Amino acid sequence: MQIKLVPGNSAGTVTAYYLSSQGPTHDEIDFEFLGNLSGDPYTLHTNVFTQGKGNREQQFKLWFDPTKDFHTYSILWNPQHIIFSVDGIPIRDFKNAESRGVAFPKNQPMRLYSSLWDAEDWATRGGLIKTDWTMAPFVASYRNFNADACVWSSVGGSTSCSSSATTAAPTKRASWLSQSLDSNGEQKLKWVRQNYMIYDYCNDRGRFPQGLPSECAL
C-alpha cells in the first residue's frame, strides 16, 4: 500500500495499516504511524500478535518525511517469515521460531484493515502530548493497494494460493510463499536497525524480568 501520512500537527493520532484475524486468540501484523508535533518525526510502530498475544513492538524513525509524498509499506507473510518493508527496504524480519515454542501466525486467515484514530493517551511521547482538535480534520491518504495471497474460502475452510512472483517484498524474485531476505536484504535490514530503530522489545530487559522472549535469541 502507498500511504501519505497526516501533515502538520498530528500529535495523538495513529494511522494504521494492518492484517488481523478475529476473536480473542487473533493473529495480527501491524504498521502503526504515531503522529507528532509539527516538524518532529513520525514514529513507525510495528507489532506481531500470535494467538492473542502481542508485546513484540519495534519502533523506527523514517529517513524521509512521510507526510510530503506517498511511500510504499509492504508486508511479506509466509510460513517462515513476516517481513515489514518501507519503499522496498526491509525494516523487520519476524522469523518462525516454532521450534523454540514460539507461536507463529499461520493457521488463521487475516483481513486487511486501515484506520485513523485518536490515541492521545499513549501515541505521542507516552501520552504527554495530546491531540489538538483545532487541527482537525486529520487526513491520511492511501493508494495503489496490491495483494498476492492465499485466499481462504468459508466453504469447507479451504485455501487457494497463487504461485506468481511479487515485487512487493525486498527479496529475490521467487514465489512469495518461500521468499526470505537475500544477502542484500539482510544488509539493508542491518542498516535500518543500526540507524533508525528507536525501540526493540528484545532489548527491554526491565519489561521482561523473567527473561527475554525466546525468539529474541534468534
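How each quantity is defined
- Residues numbered from 1 in each chain as written.
- Predicted model: local features only at pLDDT ≥ 70, side-chain atom pairs only at ≥ 80, totals over all residues.
- Heavy atoms only, no water.
- Pairing = 2+ DSSP bridges.
- Helix = DSSP H or I, 4+ residues; strand = E, 2+ residues; numbered from the N terminus.
- Axes fitted to C-alpha atoms, helices over the stretch in contact; angles between N-to-C directions.
- Phe/Tyr/Trp six-rings, centres within 6.5 Å; stacked < 30°, edge-to-face > 60°.
- Buried < 20%, exposed > 50% of the residue type's maximum accessible area, 1.4 Å probe, protein only.
- UniProt positions renumbered as here; feature names shortened; annotations may be inferred.
- Salt bridge = Lys/Arg side-chain N within 4 Å of Asp/Glu carboxyl O.

Chemist: How would you sum up the sheet that holds strand β9 (residues 111-118)? Please name residues and give values.
Modeler: The antiparallel open sheet is built from six strands, whose spatial order is β9-β2-β3-β4-β5-β13. Unpaired on one side and paired on the other, β9 and β13 (197-200) mark the two borders of the sheet. Adjacent strand axes in the sheet meet at a mean angle of 15 degrees when their direction is disregarded. Note: strand β3 (residues 28-34) against strand β4 (residues 43-49), seven bridges, orientation antiparallel. Looking at the pairing, D30 lines up with N47 of β4.

Chemist: Just give me the short version of the packing of aromatic side chains, but keep the residues and values in it.
Modeler: On inspection of all chains with the given rule, the structure shows 14 aromatic pairs. For the pair Y17 and F31, a centre-to-centre distance of 6.2 Å together with 15 degrees between the ring planes defines the contact as stacked. Residue Y17 is found in strand β2 (residues 13-20), and its partner F31 is found in strand β3; the two are separated by 14 residues along the sequence. Each member of the pair, Y17 together with F31, is buried. Ring plane angle 70 degrees and centroid distance 4.8 Å describe the contact between F33 and Y73, whose orientation is recorded as edge-to-face. Linking F33 in strand β3 with Y73 in strand β6 (residues 71-77), this pair joins segments that are 40 residues apart in sequence. Just as F33 is buried, Y73 falls in that class too. One aromatic cluster is present, formed by Y17, F31, F33, Y73 and F84 through successive ring pairs.

Chemist: If you had to explain the UniProt feature "domain: GH16" (unreviewed entry) in the protein to someone new, which residues and values would you point to?
Modeler: Mapped onto this structure's residue numbering, the UniProt feature "domain: GH16" (unreviewed entry) falls at residues 1-142. Secondary structure content for residues 1-142 is 0% helix and 41% strand, and the end C-alpha separation is 7 Å.

Chemist: Provide a residue-level description of the pattern of salt bridges, including the pertinent values.
Modeler: Applying the stated criterion to the full structure yields five salt bridges. Measuring nitrogen to oxygen at the nearest pair gives 3.0 Å for the salt bridge that ties R56 to E215. Taken together, the residues span a long stretch of sequence, with R56 in the loop between β4 and β5 (58-60) and E215 in the segment after β13 at a distance of 159 residues. Ionic pairing is found between K106 and E98, a salt bridge with its closest N-O pair at 3.0 Å. E98 gets classed as partly exposed once you look at its relative accessible area, which sits at 34%.

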